[in-house]
Amino acid sequence: MWISRPERVVAMTSHASGDVDDVTRAARGDAGAFEHIYRRYHPRIHGLARRMVGPDDADDATQDIFFRAWTRLHSYRADAAFSTWLYRLALNVLIRRSARVRGVAKLTVGVTDENLVAVSQPLDARLDLDSALSALSPDLRAAVVLHDIEGFSHEEIGKLLGISLTAARMRLYRARLALRAFGARR
Amino acid sequence: MRIHPDSTQLVAYADGDTSVDVNAIAAHLRVCADCNETVQTLSAVRDLVRDAATNDRGQPPREDWDSLAIAIRRRARARTAFTWTLGLAAASLVAAALWTSTRQSPLDQPRATSVLAPNIPSVAGKPDTAVALLSRAVAAGRSHLSAEELHTLDALVRPIDVAIRQTQAALNSDPKDSFLRTHLAELHRKRASALGDFVDLIRSRG
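Definitions and limits used
- Residues numbered from 1 in each chain as written.
- Chains lettered and ligands numbered in written order.
- Predicted model: local features only at pLDDT ≥ 70, side-chain atom pairs only at ≥ 80, totals over all residues.
- Heavy atoms only, no water.
- Helix = DSSP H or I, 4+ residues; strand = E, 2+ residues; numbered from the N terminus.
- Buried < 20%, exposed > 50% of the residue type's maximum accessible area, 1.4 Å probe, protein only.
- Contact = heavy atoms within 4.5 Å.
- Areas by Shrake-Rupley, 256 points an atom, 1.4 Å probe, with all protein chains shown as cover.
- pLDDT = per-residue confidence, 0-100.
- Buried area = accessible area lost by both parts, 1.4 Å probe.
- Salt bridge = Lys/Arg side-chain N within 4 Å of Asp/Glu carboxyl O.
- Nonpolar A, V, L, I, M, F, W, Y, C, P; charged D, E, K, R; others polar.
- Phe/Tyr/Trp six-rings, centres within 6.5 Å; stacked < 30°, edge-to-face > 60°.
- Axes fitted to C-alpha atoms, helices over the stretch in contact; angles between N-to-C directions.
- Parallel < 35°, antiparallel > 145°, perpendicular 65-115°, else oblique.
- Core = buried A, V, L, I, M, F, W, Y, C linked by side-chain atoms within 4.5 Å.
- Left-handed = near helix turned anticlockwise from the far one by under 90°.

Turning to the overall build of chain B, a few remarks are in order. Regarding its fold elements, chain B presents seven helices and zero strands. Reading the secondary structure of chain B in the N-to-C direction produces α-α-α-α-α-α-α. Sorting the 206 residues of chain B into buried and exposed places 38% on the buried side. Partitioning the contacts of chain B with sequence separation of at least 6, the portion at a separation of at least 24 is 70%. By element, 55% of the accessible surface of chain B is carried by carbon and sulfur atoms, the whole surface being about 11,700 Å².

Residue and element names in this part refer to chain A. Here R174 lies in helix α10 (residues 165-185). For R174, a relative accessible area of 39% corresponds to the partly exposed category. Distance from R174 to L140, taken between C-alpha atoms, is 7.2 Å for residues 34 residues apart in sequence.

As a further point, take the confidence of the model for chain B. Do not read the fine detail of predicted coordinates wherever pLDDT is low. All names here are of chain B. With 71% of its residues at a pLDDT of 70 or more, chain B shows a mean pLDDT of 76. Averaged over each element, pLDDT in chain B is lowest for helix α4 (residues 65-103) (68) and highest for helix α1 (residues 7-14) (95). Scored below 50 in pLDDT, residues 105-125 shows 26 contacts in the model against residues more than four places distant or in partner chains. Quick note on the complex model: pTM equals 0.60, ipTM equals 0.78.

Here the focus is the interface of chain B and chain A. Many structure descriptions define interface size as the accessible area lost when the parts assemble. Counting from both sides, the interface comprises 36 residues of chain B and, opposite them, 40 residues of chain A. Taking both partners together, chain B and chain A bury about 3,700 Å²; carbon and sulfur atoms supply 65% of that area. Connecting chain B to chain A are two salt bridges. Between D15(B) and R176(A) there is a salt bridge, and its shortest N-O distance comes to 2.9 Å. Going through the elements one at a time, α1, α3 (33-55) and α4 of chain B are the ones with two or more residues in the side of chain B that touches chain A. When grouped by side-chain class, the residues that make up the side of chain B that touches chain A number 15 nonpolar, eight polar and 13 charged.

For the rest of this paragraph, the subject is the packing of aromatic side chains. What describes a pair of aromatic rings is the distance from one ring centre to the other and the angle between the planes of the rings. In this structure the tally under the stated criterion is ten aromatic pairs over all chains. Within the aromatic cluster, the residues linked to one another by ring pairs are F34(A), Y38(A), F66(A), W70(A) and W65(B).

On to the packing of α1(B) against helix α2 (residues 22-31) of chain B. All names here are of chain B. For the pair α1 and α2, interaxial distance at closest approach is 11 Å and the crossing angle is 100°. Overall, the two elements α1 and α2 adopt an arrangement that is roughly perpendicular. Where α1 abuts α2, its residues Q9, L10 and Y13 lie against V22, I25, A26 and L29. Its residues placed into classes, the contact of α1 with α2 shows six nonpolar, one polar and no charged.

Take the nonpolar core next. Ranked by internal contacts, the top residues of the largest apolar core, which has 76 residues, are F34(A), L48(A), F82(A), L86(A) and L146(A). Ranked by size, the runner-up nonpolar core spans 16 residues in total, among them A137(B), L156(B), L195(B) and V199(B).

The geometry of a pair of packed helices is captured by two quantities: the angle between their axes and the separation between those axes. Residue and element names in this part refer to chain A. Direction vectors running N to C along helix α4 (residues 82-100) and helix α8 (residues 138-149) enclose 140°, while the axes themselves pass 9 Å from each other. On the basis of the axis angle, α4 is oblique to α8. The hand of the α4/α8 crossing is right-handed. Contacts between α4 and α8 pair Y87, L91, I95, S98 and A99 from the former with P138, D139, R141, A142 and L146 from the latter. Partitioned by chemical class, the residues of the contact of α4 with α8 number seven nonpolar, one polar and two charged.

We now examine α2(B). The complete set of buried residues in α2(B) reads A24(B), I25(B), A26(B), H28(B) and L29(B). Against the buried residues of α2(B) lie α1 and α3 of chain B.

The subject of this paragraph is the pattern of salt bridges. Residue and element names in this part refer to chain A. Following the criterion strictly, the structure yields 21 salt bridges over all chains and no others. R39 is the partner of E35 in a salt bridge, and the nearest nitrogen-oxygen pair spans 2.8 Å. Of the two residues, E35 and R39 are both situated in helix α2 (residues 31-53); the distance of four residues between them amounts to about one turn of the helix. Given the relative accessible area of 22%, E35 is considered partly exposed. Between D64 and R97 there is a salt bridge, and its shortest N-O distance comes to 3.0 Å. Here D64, found in helix α3 (residues 55-72), pairs with R97, found in helix α4; they are 33 residues apart in sequence, far enough to count as distant. Under the relative-accessibility criterion, D64 is labelled buried at 17%. Given the relative accessible area of 10%, R97 is considered buried. One continuous salt-bridge network, built from bridges that share partners, spans D19, D21, D22, R25, D30 and R40.

This is the structure:
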């Protein structure tokens, strides 16, 4: 479900107070506290996974993310929001999984002069989102999912992906032109 | 703005990011059809993706805490076994070292290869292969060990064997788990290290 940016920020902020206690207890091995974290973040992480690796692999990827989160809780430092830490971990897992999927490279739409010419063609009013996203490389897909679907700002995308603001914007630019080219070909 | 804004400025403008010089870019767009069309395309694709995501919500995500909890418990058991194994192995090694030091000086008994343990490889290479060879050497030389030493050997190796079996079982169900693979290799190395001490002891009496 699309959550507008203000709603998303409120939702994440309201989680923060509960996170501190649950993360502290979970890091000490309290599985019950981790269950609270799991149920709190599962819908959003699953939504991210669905867009990044597709609906067929989303359940498995989500479980993988939470299992890794459990095993790495000791590395979480409270100087950043837990949600940011979890998203960063999730993106690392999802980008790696996406890159492993064979055939992605063949489908990936590169931004070429030919693509840019296609911009002048009319834009299809409907988009098969899963197909379109799967046509992008994992790095470009992450940028467009985080901004256009999850509602993160350019700066937040840079932090989540560990890249500069300029690089984040460049990925968004390339991703959208690639999606535009993908839509024009269909 | 006389020169064209670069692509990052255009995407920032299209997304309403005010950290760029919005007025200068807007002025440029009024006189540059190419840049104007690019901004419109960037905005249109963003809106298309948002609309598609809104309309394509799919099935509600299915929570599966139970299977995750099982995986977590399995990991916790493996860690507990690992911790106990390490503690027991360390204690046993210290005991064995103390016991050996009271019986002989290493300088009096050079580590010559004997018929009991020919060509034992370094355990630093392939731990599982070394473990197999060391196990055979210890099995062949058990008659050279006292009952007390055999008891120490069993107390040292048995928990490691249990931990190896548990970790292997967990790894069979999740072969991609790098932690379990590392953990298993570490257990084999511990076992090889422990057996190596007893091979040395056997050699010294060969």
